[in-house]
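Summary of the model geometry
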Amino acid sequence: MTVYLVRHADAIARAGYDQPDAERPLSELGAKQSDALVETFGDRPVGSVLTSPAVRCWRTVHPLATARGLDALPDPRLGEGSRIEDVIELVVSSRDGDVVLCSHGDVIPDVLRLLALRGVAFDRPPSTCAKGSTWLLELDDEAMGSASYWPPPEV
């Protein structure tokens, strides 16, 4: 199975944003990164797109989902502060494969570290997780396999 674990693109700063954090949008750079993900994914198959309910996550993967004729569906298990065990279960239960999961910088590195402890081979340290980046996870039925890092799109 192939799982793409995407960290949301650059968002406007928390400081000074007076609305609920879940509504915080992407910055201008983040919007460009989001649009560029369509090209980054190229012709790789994508069967479904799940995202944290946060606006910045949904907006990150919405152009990719739209380009593939899919909806970017919110899943609270991908939200900021989520239980890592819930996210791991979502990753390993994606048996249909070719799924995009968009989450946050406090979630993704912990998920990757746990996968590393389970034996997944990484092409760089699993703590690497820049805004707008993607981890390509190639996993077998036991959640073993490899992980490759794609840096944020250059815009």
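Quick summary incoming for the structure in this document.

**Overview of the environment of Phe41**
Along the chain, the position of Phe41 falls in helix α1 (residues 28-41). Ignoring anything within four residues of it in the chain, the contact list for Phe41 reads Tyr4, Val6, Val46, Leu64, Arg68, Val100, Thr134 and Trp150.

**Section: the nonpolar core**
With 24 residues, the main nonpolar core has Leu5, Val91, Leu101, Val111, Trp135 and Leu137 as its most contacted residues. Counting residues per element, this core draws most heavily on helix α3 (residues 84-92), at six residues. If we skip the residues at most four places from it in the chain, Val91 touches Met1, Val3, Leu101, Val111, Leu137 and Leu139. With 15 residues, the next largest nonpolar core counts Val6, Leu37, Val46 and Leu136 among its residues.

**What to know about the packing of aromatic side chains**
Summed over all chains, the structure comprises five aromatic pairs. Geometrically, the ring pair formed by Phe122 and Trp135 is edge-to-face, given 5.3 Å between the ring centres and 75° between the ring planes. Of this pair, Phe122 sits in strand β5 (residues 121-122) while Trp135 sits in strand β6 (residues 134-139); the two residues are 13 residues apart in sequence, bridging distant segments of the chain. Take Trp135: its relative accessible area is 0%, and that puts it in the buried class. By the ring-pair criterion, three or more aromatic residues cluster together here, those being Tyr4, Phe41 and Trp150.

What counts, and where the lines are drawn
- Residues numbered from 1 in each chain as written.
- Predicted model: local features only at pLDDT ≥ 70, side-chain atom pairs only at ≥ 80, totals over all residues.
- Heavy atoms only, no water.
- Helix = DSSP H or I, 4+ residues; strand = E, 2+ residues; numbered from the N terminus.
- Contact = heavy atoms within 4.5 Å.
- Core = buried A, V, L, I, M, F, W, Y, C linked by side-chain atoms within 4.5 Å.
- Buried < 20%, exposed > 50% of the residue type's maximum accessible area, 1.4 Å probe, protein only.
- Phe/Tyr/Trp six-rings, centres within 6.5 Å; stacked < 30°, edge-to-face > 60°.

As far as function goes, none of this settles anything; it's purely spatial.
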